[in-house]
Amino acid sequence: MRFTNRNEIKIIPSIYIVLIAVFITNVFVNIEIMASSETEQEIGFSHLVPNIVTLLLGLYVHRIGQSFDFDSDGETLNFKNNGVFFSKFMEYRVKKAEFPKRKLGKFKFIDYGIYSALTIYIKSRRKKGYRKYTFNTTFLTRKKKKGMVASLQKVLETTPKVTA
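Given the structure is predicted, the values throughout are model-derived calculations rather than measurements.

S.K.: How would you sum up the overall build of the protein? Please name residues and give values.
M.R.: The secondary structure content of the protein amounts to 3 helices and 7 strands. Listing the helices and strands of the protein from first to last along the sequence gives β-α-α-β-β-β-β-β-β-α. Taking all 164 residues of the protein together, the buried fraction comes to 37%. In the protein, once contacts between residues fewer than 6 apart in sequence are set aside, the share between residues at least 24 apart is 53%. Accessible surface for the protein amounts to roughly 10,700 Å². Of this, 60% is attributable to carbon and sulfur atoms.

Below, the structure is given as structure tokens:
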């Protein structure tokens, strides 16, 4: 099975632009309040709250705004996360894992509604225990998430394990 969230993440650049516009607009409003000599108001914490909220939303969108590709066709499993904003020009924030199906030790899928992630554990001959990779799957649709989990469970059931 192959899954990607390319269609779902097309909204992320627009969200970035709106958040930047809101932040800059609020900065200019605060500068205007400081410059007005008639009211002689000082900038208080209540004037900074919109900027703080906008920055927190920006960090959250930056954290979850990643494309995700999954491919379980053939003999290998392929997982890939990539950033969204400059993805047409270059790859950044790339996290990849490509390995034979027999090396998949276990996986854990978490879904909190506003954030979901897939953690896979790969058995390695060189290293004791498992190597752990975590991939952001927030913008994957519910149907694709269920299909991916079913595919990974099927891989765990049908392939023999590598012993270290």
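Picking up after the structure, the text goes on.
S.K.: Which residues make up the packing of aromatic side chains, and what are the values?
M.R.: Applying the stated criterion across every chain yields a total of 7 aromatic pairs. Ring plane angle 45 degrees and centroid distance 5.2 Å describe the contact between Phe70 and Phe79, whose orientation is recorded as tilted. Across the pair, exposure class does not vary: Phe70 and Phe79 are buried alike. Among the aromatic side chains, those forming a connected cluster through ring pairs are Phe3, Phe68, Phe70, Phe79, Phe99, Tyr133 and Phe135. The ring of Tyr121 is capped by Lys106, whose NZ or CZ atom sits 5.0 Å from the centre of that ring. Across the ring face of Tyr130, the terminal group of Lys123 is positioned such that the distance to the ring centre comes to 5.0 Å.

S.K.: Go over helix 2 (residues 45-64) with me, naming the residues and quoting the values.
M.R.: Over its 20 residues, helix 2 extends 28 Å from the first C-alpha to the last, a length consistent with the 28 Å expected when each residue adds 1.5 Å. Within the span of helix 2, buried status applies to Asn51, Thr54, Gly58, Val61 and Ile64. Where helix 2 is buried, its residues contact helix 1 (12-35), strand 2 (66-71) and strand 7 (130-136).

S.K.: Tell me about the side chain of Asn136, and please be specific about residues and values.
M.R.: Position of Asn136 relative to the elements: it lies in strand 7. Classification of Asn136 by relative accessible area gives buried; the value is 4%. At a separation of 2.7 Å, a polar atom in the side chain of Asn136 contacts the side chain of Thr138. For Asn136, the contacting residues outside a window of four places in its chain are Arg63, Ile64, Gln66, Phe68, Asn81, Tyr115 and Ser116.

S.K.: If you had to explain the sheet that holds strand 7 to someone new, which residues and values would you point to?
M.R.: Strand order in the open sheet formed by 3 strands is 5-6-7, and the pairing between neighbours is antiparallel. In this open sheet, the two edge strands, each paired with only one partner strand, are strand 5 (104-111) and strand 7. In this sheet, neighbouring strand axes are inclined to one another by 15 degrees on average, regardless of whether the strands run parallel or antiparallel. Alignment of strand 6 (residues 116-123) against strand 7, held across 7 bridges, turns out to be antiparallel. Residue pairing across strands places Tyr121 opposite Lys132, the latter belonging to strand 7. Along the sheet, helix 3 (residues 142-158) contacts strand 5 and strand 6; its crossing angle with strand 5, the most-contacted strand, is approximately 160 degrees.

Criteria and cut-off values
Residues numbered from 1 in each chain as written. Predicted model: local features only at pLDDT ≥ 70, side-chain atom pairs only at ≥ 80, totals over all residues. Heavy atoms only, no water. Helix = DSSP H or I, 4+ residues; strand = E, 2+ residues; numbered from the N terminus. Buried < 20%, exposed > 50% of the residue type's maximum accessible area, 1.4 Å probe, protein only. Contact = heavy atoms within 4.5 Å. Areas by Shrake-Rupley, 256 points an atom, 1.4 Å probe, with all protein chains shown as cover. Phe/Tyr/Trp six-rings, centres within 6.5 Å; stacked < 30°, edge-to-face > 60°. Lys NZ or Arg CZ within 6 Å of the ring centre and 35° of its normal. Expected span 1.5 Å × (residues − 1). Polar contact = N/O pair within 3.5 Å; in protein donor to acceptor, adjacent residues only side chain to side chain. Pairing = 2+ DSSP bridges. Axes fitted to C-alpha atoms, helices over the stretch in contact; angles between N-to-C directions.

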